[in-house]
Amino acid sequence: MSYIPTPDEALEIIKKYNKEAFHVEHAETVGKVLKAFAMEHDSERAEFWHSVGILHDIDFELYPEQHCVKAKEMLAEMDIEPEMIHAVISHGYGICIDVAPETYMEKVLFAVDELTGLIGAAALMRPTGLEGMEAKSIKKKFKDKKFAAGCSREVIARGAEMLGMELGELFEKTIAAMQS
């Protein structure tokens with residue numbers, strides 16, 4: 001029987017392999033955003049979505065050149081549920097692995113991983129952080145390629161397209177999820 005870690009267990013797993021506070025915080029943020037999306041689309045599995053979001057970058061700090069490839073191995077060694085492994089690694093589709101996001105949850109993860117970084121960077125520039133942030137301010141930051149240059153606009157746009165969402169709608173939902 002495969003193992004499905006709870007969000008708390010997933011966080012302990014992440015902390016075992018990621019020592020930088022930024023990476024742990026990113027894992028927590030993406031997990032919470034996935035949980036918020038799940039509450040709208042698959043509330044019975046919100047904890048599963050939450051754990052997937054937390055685990056998505058399990059290998060990034062140790063194996064940045066083999067991101068998602070090593071995650072598959074690491075999670076399989078822990079006997080993690082194959083559905084969860086697929087979800088985790090599919091966020092690297094077309095970037096570092098050829099496993100495509102298939103489910104709605106996987107597409108959300110693909111779309112919001114980079115976007116949470118962009119929104120987080122924008123929040124750091126504001127005296128009120130995320131409070132009162134609107135999608136239009138993220139649209140401006142999105143167009144400014146020099147702002148949070150490490151956040152791929154192409155990946156965010158592809159993610160929105162996979163979800164059948166306009167960028168503005170994706171921005172709004174992700175901001176709201178990060179604020180909650």
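Refer to the structure above for everything that follows.
Notes on the structure follow.

## Points about helix 3 (residues 46-55)
Here comes step 1: Helix 3 sits mainly inside the fold: 9 of its 10 residues count as buried.
Here comes step 2: Restricting attention to buried positions, one finds in helix 3 the residues Ala46, Phe48, Trp49, His50, Ser51, Val52, Gly53, Ile54 and Leu55.
Here comes step 3: Check the buried side of helix 3 and you find it contacts helix 1 (7-17), helix 2 (21-41), helix 4 (69-77), helix 5 (82-90) and helix 6 (104-124).

## Brief notes about the nonpolar core
Here comes step 1: Membership of the largest hydrophobic core comes to 55 residues, with the highest contact counts inside it found for Leu34, Val52, Ile138 and Leu170.
Here comes step 2: In terms of residue count, the dominant contributor to this core is helix 6 (10 residues).
Here comes step 3: With residues up to four places along the chain from it excluded, the contact list for Leu170 reads Phe37, Ala111, Val112, Leu115, Ile156, Ala160, Leu163 and Met165.

## Here we look at the environment of Val108
Here comes step 1: Its location among the elements puts Val108 in helix 6.
Here comes step 2: The exposure class assigned to Val108 is buried, which follows from its relative accessible area of 0%.
Here comes step 3: Separated by 44 residues in the primary sequence, Val108 and Ser152 have C-alpha atoms spaced 15 Å apart.
Here comes step 4: Among residues more than four places away in sequence, those in contact with Val108 are Leu34, Phe37, Trp49 and Leu163.

## Some thoughts on the state of the cysteines
Here comes step 1: In the structure shown here, the tally under the stated rule is 0 disulfides.
Here comes step 2: Cysteine Cys68 shares no disulfide, and the gap to the nearest cysteine sulfur, in Cys96, comes to 3.7 Å.
Here comes step 3: Here Cys151 stays unpaired: no disulfide links it, and the sulfur of Cys96, its closest cysteine neighbor, is 15 Å away.

## Things to note about the packing of helix 7 (residues 135-143) against helix 9 (residues 167-179)
Here comes step 1: It is at 9 Å that the axes of helix 7 and helix 9 come closest, and there the two elements cross at 115°. By crossing handedness, the relation of helix 7 to helix 9 is classed as right-handed. Residue-level inspection shows Ala135, Ile138, Lys139 and Phe142 of helix 7 in contact with helix 9, the latter providing Leu167, Gly168, Phe171, Glu172 and Ile175.
Here comes step 2: In the contact of helix 7 with helix 9, the residues fall into 6 nonpolar, 1 polar and 2 charged.

## Here's the deal with the packing of aromatic side chains
Here comes step 1: By the definition in use, this model includes 2 aromatic pairs.
Here comes step 2: Between the aromatic rings of Trp49 and Tyr104, the centroid separation amounts to 6.3 Å while the plane-to-plane angle is 45°, which identifies the pairing as tilted. Here Trp49, found in helix 3, pairs with Tyr104, found in helix 6; they are 55 residues apart in sequence, far enough to count as distant.
Here comes step 3: With a relative accessible area of 27%, Tyr104 lands in the partly exposed category.
Here comes step 4: Arranged with centres 5.5 Å apart and planes meeting at 55°, the rings of Phe142 and Phe171 form a pair that is tilted. Here Phe142, found in helix 7, pairs with Phe171, found in helix 9; they are 29 residues apart in sequence, far enough to count as distant. In this structure, Phe142 and Phe171 share a single accessibility class: buried.
Here comes step 5: In this structure, Lys70 is placed above the aromatic ring of Tyr63, and the distance from its NZ or CZ to the ring centre is 4.9 Å.
Here comes step 6: Sitting over the face of the ring of Phe147, Lys141 holds its NZ or CZ atom 4.7 Å from the ring centroid.

Quick notes on the rules
- Residues numbered from 1 in each chain as written.
- Predicted model: local features only at pLDDT ≥ 70, side-chain atom pairs only at ≥ 80, totals over all residues.
- Heavy atoms only, no water.
- Buried < 20%, exposed > 50% of the residue type's maximum accessible area, 1.4 Å probe, protein only.
- Helix = DSSP H or I, 4+ residues; strand = E, 2+ residues; numbered from the N terminus.
- Contact = heavy atoms within 4.5 Å.
- Core = buried A, V, L, I, M, F, W, Y, C linked by side-chain atoms within 4.5 Å.
- Disulfide = S-S within 2.5 Å.
- Axes fitted to C-alpha atoms, helices over the stretch in contact; angles between N-to-C directions.
- Left-handed = near helix turned anticlockwise from the far one by under 90°.
- Nonpolar A, V, L, I, M, F, W, Y, C, P; charged D, E, K, R; others polar.
- Phe/Tyr/Trp six-rings, centres within 6.5 Å; stacked < 30°, edge-to-face > 60°.
- Lys NZ or Arg CZ within 6 Å of the ring centre and 35° of its normal.

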